[in-house]
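# Structure assessment
One-letter residues, chain by chain:
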Amino acid sequence: MPPRKLDPAKLREALDAQLVALDQPAYDGPAGALADALVTAVLTAYDRGVRPERDAARQAVRHLLDRLVTAAPGRTVEVRVPPYAAVQAIEGPRHTRGTPPNVVEMDARTWIELAVGRMTWEEARGKGAVAASGSRADLSEYLPL
């Protein structure tokens, strides 16, 4: 399954809302960098100890999950970041019904920090920030994105 195409208008709206919440000016960079700017703005909110805007966090999580699917296509591992999104990735035996045998689940902040390289897989697992079950539920070779 190919990754979703994120709507640039929705990305910009979420980014600008997050920037306003951070008392920063609206985004004026190139359209092609919207998603990465949104990830940066969400991380800035976390760094300041404030909860990111819901839509900004959702869009950032989806963008990074889509990058994982592009880097590691397949349907062997289900990666869940509730309540925002879940994807299937990594080549191997395909799962079609019921609970997948290989599941990775974490919160949005953990996923974003893993995806951009602020945290390693081992650190996240050591802190109990990632729940992973199944013999293939290890994303370390795909991170950071």
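Overview of the structure. (Residues numbered from 1 in each chain as written. Predicted model: local features only at pLDDT ≥ 70, side-chain atom pairs only at ≥ 80, totals over all residues. Heavy atoms only, no water.)

This paragraph deals with the overall build of the protein. Looking only at helices and strands, the protein features 5 helices and 4 strands. Written out in order from the N terminus, the α and β elements of the protein read α-α-α-β-β-β-α-α-β. Relative to the compact-globule value of 15 Å for 145 residues, the protein shows a C-alpha radius of gyration of 15 Å, a close match. Overall size of the protein, expressed as C-alpha extent along the three principal axes, is 45 × 30 × 25 Å. A total of 145 residues make up the protein; the buried ones form 43% of that total. Of the contacts made within the protein by residues no fewer than 6 positions apart, 54% connect residues no fewer than 24 positions apart. Distance from the positive charge centre (19 side chains) to the negative charge centre (19 side chains) of the protein: 6 Å. (Helix = DSSP H or I, 4+ residues; strand = E, 2+ residues; numbered from the N terminus. Rg over C-alpha atoms; globule rule 2.2 N^0.38 Å. Buried < 20%, exposed > 50% of the residue type's maximum accessible area, 1.4 Å probe, protein only. Contact = heavy atoms within 4.5 Å. Lys, Arg positive; Asp, Glu negative; His and termini not counted. Charge placed at Lys NZ, Arg CZ, Asp CG, Glu CD.)

On to the packing of helix H1 (residues 8-21) against helix H2 (residues 34-47). It is the contact of H1 with H2, at a shortest axis distance of 9 Å, that shows an interaxial angle of 25 degrees. Of the possible angle classes, the one that applies to H1 and H2 is roughly parallel. As for how H1 packs across H2, the hand of that crossing is left-handed. Judged by residue contacts, Pro8, Leu11, Arg12, Ala14, Leu15, Gln18 and Leu19 of H1 engage Leu34, Ala35, Ala37, Leu38, Ala41, Val42 and Ala45 from H2. The residue inventory of the contact of H1 with H2, partitioned by class, reads 12 nonpolar, 1 polar and 1 charged. (Axes fitted to C-alpha atoms, helices over the stretch in contact; angles between N-to-C directions. Parallel < 35°, antiparallel > 145°, perpendicular 65-115°, else oblique. Left-handed = near helix turned anticlockwise from the far one by under 90°. Nonpolar A, V, L, I, M, F, W, Y, C, P; charged D, E, K, R; others polar.)

So, about helix H3 (residues 54-71). Three or four residues apart is the spacing at which side chains of an α-helix point the same way, because the helix has 3.6 residues per turn. For H3, spanning 18 residues, the distance from its first C-alpha to its last is 26 Å, which sits close to the expected 26 Å at 1.5 Å a residue. Here H3 has its buried residues at Ala56, Ala57, Gln59, Ala60, Val61, His63, Leu64, Leu65, Asp66, Leu68 and Val69. Of the surrounding elements, those touching the buried residues of H3 are H1, H2, strand E1 (77-81), strand E2 (85-89) and helix H4 (108-116). (Expected span 1.5 Å × (residues − 1).)

This paragraph deals with a negative patch on the surface. A contiguous patch of negative charge, built from Glu122, Glu123, Asp138 and Glu141, is present on the exposed surface. Along the chain, the position of Glu141 falls in the segment after strand E4 (130-133). Residue Glu141 is classed as exposed on the basis of its relative accessible area, which comes to 64%. (Patch = residues over 30% accessible without salt bridge, like charges linked within 9 Å, V, L, I, M, F, W, Y side chains within 5 Å. Areas by Shrake-Rupley, 256 points an atom, 1.4 Å probe, with all protein chains shown as cover. Salt bridge = Lys/Arg side-chain N within 4 Å of Asp/Glu carboxyl O.)

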